[in-house]
Amino acid sequence: MAGYEDFVDLGYKPNAKDIIAVFKVKVPEWEKPERAFGAVASESSVGTWTDLNIWAKYPHVKKVAAKVYSIEHTPHGYWIKIAYPEDHFEQNNVSQILASIAGNDFGMKAVDGLRLQDIQFTKTVMKQYPGPGVGISGIRKIFDVPERPLMLSVPKPKVGMTTEEHADIGYQIWTGGLDLLKDDENLTNQKFNPFKKRVEKTLKMRNKAEKVTGLKKSYLINVSAPTVEEMIERARFVKKQGGEYVMLDIITAGWSALASLRNECKDLGLAIHAHRAMHGAFTRNPDHGISMEVVSKLARMSGVDQLHIGTSIGKLVSPKEEVLQCQSILTAKKTKENIREHCLSQDWGTKKQVFPVSSGGLHPGIVDQILKMFGTNIMIQLGGGVHGHPKGSYAGAVAMRAAIDAYLDKQSVEEKAKTCPELKEALKTWGRSLPK
Ligand code: CAP
Ligand code: MG
């Protein structure tokens, strides 16, 4: 017999060759809980809706079958842990991991809701993945900035400006005191701002800003493209033009695209900035979907050098515990469990650290809260919070830089504003308000 219940074994003790997944399960009224849990393990590993008599016909299949070994019933629903033998998975293939653990199980009628909260990978599987090529230490070396937060800005409006306008904004924020310009997630190769022209003109402005300031400046260029081949072409073009980074929309482009880009960037020596646009479609609902912690783990394994992880106080939903757990996943040697409930520990072996990026609805009046929550080993991005400044982008960048320097100098922004008119203007515009 191999009905769904056969995938539940509460006597099983996972070993060092088991990948562990934690799910929150909403069980339908009509359903027996154990059958629902078994259905998740079955459909995400080797089984299907009817009894195939698997164990009699193909006893060897049991070796790669998942099993539910822990069930916790809380007032908010059931939490289960499933052990997946690591041999169930193809080496170095994130898309296959997700096709198993985060595939059909989300759509089953046997559950009313299913949330993949975390995955703990074995040492063997962790070694199969490249991890970051440059990492935090490499990025800090590029800028010769050993400690303080790195500061970036993305031109706004997101898309629609001409290449000249885009490049000029770059010059303003670089000379205004920021380290990096970033393309927006939906700016790629549109008619009004074609990719190659944008790279050439903006990097020229970057070189000019470096000359004027005597400081290292860089540019996160979005190479997300219609095909992987075109994406690789664009990365090669960035290298030829003297860029240090590429940016990829890792969720909309996909994990195999990221893997191809990581391979190419190893040869090109480029760092990868990962934007997570579209993650909210499945990360924000605590009762159904996939957590940002899982995305962060897969991103570090796949080898991004920087990843957006939220703000907790900005315009986009990102609970504080989630951001802190993700920060640990990106930077710790060993991630502790339960920084956010039901998240697992993770040994990162020799994987380099990923720079956490806090962005989304931030402005100079509230960056001190970000630094208080997450420390200074982060990147902070302001788009509207710079380009919405009444005196324009240069003044916005000066205000952003002054607000962060104030924190580093243990000064309040109000104090700092007394000697920085641009910051004073920013406080007049946004005060300490939190965007909705
Ligand atoms: C921020 C941003 C980023 C978001 C992404 C935007 O602009 O450019 O894409 O931060 O969210 O388009 O909204 P603002 P997250 O600074 O003007 O908000 O960082 O949470 O992935
Ligand atoms: Mg954006």
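What counts as what
- Residues numbered from 1 in each chain as written.
- Chains lettered and ligands numbered in written order.
- Predicted model: local features only at pLDDT ≥ 70, side-chain atom pairs only at ≥ 80, totals over all residues.
- Heavy atoms only, no water.
- Helix = DSSP H or I, 4+ residues; strand = E, 2+ residues; numbered from the N terminus.
- Expected span 1.5 Å × (residues − 1).
- Buried < 20%, exposed > 50% of the residue type's maximum accessible area, 1.4 Å probe, protein only.
- Domains from an automatic or database assignment.
- Buried area = accessible area lost by both parts, 1.4 Å probe.
- Salt bridge = Lys/Arg side-chain N within 4 Å of Asp/Glu carboxyl O.
- Polar contact = N/O pair within 3.5 Å; in protein donor to acceptor, adjacent residues only side chain to side chain.
- Nonpolar A, V, L, I, M, F, W, Y, C, P; charged D, E, K, R; others polar.
- Core = buried A, V, L, I, M, F, W, Y, C linked by side-chain atoms within 4.5 Å.
- Contact = heavy atoms within 4.5 Å.
- Near = heavy atom within 4 Å.
- Areas by Shrake-Rupley, 256 points an atom, 1.4 Å probe, with all protein chains shown as cover.
- 1 Å grid on protein atoms, 1.4 Å probe; cavity = no way out; pocket = protein on both sides within 12 Å on 5 of 7 lines; lining within 4 Å.
- Points joined across faces, edges and corners; volume = space filled by probe spheres on them.

Asks: Which residues make up helix α6 (residues 163–175), and what are the values?
Replies: Given a rise of 1.5 Å per residue, 13 residues ought to cover 18 Å, and the 18 Å separating the end C-alpha atoms of α6 matches this to within 8%. Along α6, the residues classified as buried are Thr 163, His 166, Ala 167, Ile 169, Gly 170, Tyr 171, Ile 173 and Trp 174. Gly 177 lies just past α6 and shows a positive phi near 120°.

Asks: If you had to explain the domain arrangement of the chain to someone new, which residues and values would you point to?
Replies: The assigned domain composition of the chain is domain 1 (4–127) and domain 2 (135–430). With both chains or domains summed, domain 1 and domain 2 bury close to 2400 Å², and 58% of this area falls on carbon and sulfur atoms. In terms of surface lost to domain 2, no three residues of domain 1 exceed Arg 115, Asp 118 and Met 126, which account for 29% of the buried area on that side. There are 3 salt bridges connecting domain 1 and domain 2. In this structure, the salt-bridge partner of Asp 347 is Lys 123, at a minimum N-O distance of 3.5 Å. The tally of links from domain 1 across to domain 2 stands at 17 residue pairs in polar contact (both at pLDDT 80 or more). The element that contributes the greatest number of residues to the side of domain 1 that touches domain 2 is strand β4 (residues 113–120), accounting for 8 residues. Among the residues forming the side of domain 1 that touches domain 2, the class breakdown is 12 nonpolar, 4 polar and 8 charged.

Asks: Kindly report on the nonpolar core, identifying the contributing residues and their values.
Replies: By size, the foremost hydrophobic cluster in this structure holds 113 residues, and its most contacted members are Phe 23, Ile 101, Leu 116, Ile 250, Trp 255, Leu 307 and Ile 380. Both domains that meet at this core, namely domain 1 (4–127) and domain 2 (135–430), each give it at least three residues. Those residues in contact with Phe 23 that lie beyond four places of it in its chain are Val 40, Tyr 78, Trp 79, Ile 80, Ile 82, Tyr 84, Ile 101, Asp 105, Leu 114, Arg 115 and Leu 116. In this structure, Val 145, Leu 220, Ala 271 and Val 357 belong to the second largest nonpolar core, which totals 15 residues.

Asks: So what's going on with the site of ligand 1? Residues and values would help.
Replies: Around ligand 1 there are 17 residues in total, and Lys 158, Lys 315, Ser 359, Gly 361 and Gly 384 lie nearest to it. Between Asp 184 and ligand 1, the recorded distance is 3.1 Å, taken from a side-chain N or O atom to an oxygen atom. Take His 275: an N or O atom from its side chain is 2.7 Å from an oxygen atom of ligand 1. With the chains in place, 93% of the 480 Å² that ligand 1 exposes on its own is no longer accessible.

Asks: Hey, could you go over the pattern of salt bridges for me, with residue numbers and the actual values?
Replies: A side chain with one charge can pair with a side chain of the opposite charge if their charged atoms come near. Under the defined criterion, the tally for this structure stands at 28 salt bridges. Ionic pairing is found between Glu 230 and Arg 234, a salt bridge with its closest N-O pair at 2.7 Å. Taken together, the residues span about one helical turn, with Glu 230 and Arg 234 both in helix α8 (residues 228–240) at a distance of 4 residues. A relative accessible area of 5% means that Arg 234 is categorised as buried. The salt bridge involving Glu 414 is made with Arg 432; its shortest N-O contact spans 3.0 Å. Pair noted here: Glu 414 is in helix α17 (residues 413–417) and Arg 432 is in the segment after α18 (421–430), with a separation of 18 residues, a long-range link.

Asks: A description of the layout of surface pockets should follow, citing residues and the corresponding values.
Replies: Approximately 750 Å³ is the volume attributed to the largest pocket. In this structure, the largest pocket is lined by 42 residues; those nearest its centre are Arg 276, His 279, Leu 316, Val 317 and Ser 359. Mapped onto the lining of the largest pocket, the elements with two or more residues apiece are β4, α11 (280–283) and α15 (384–387). Tallied by class, residues from the lining of the largest pocket come to 13 nonpolar, 16 polar and 13 charged. Each of domain 1 (4–127) and domain 2 (135–430) accounts for three or more of the residues forming the lining of the largest pocket. The space that makes up the second largest pocket amounts to roughly 180 Å³. Lining the second largest pocket are Asn 15, Ala 16, Asp 18, Ile 20, Gln 120, Phe 121, Thr 122, Lys 123, Ser 345, Gln 346 and Asp 347.

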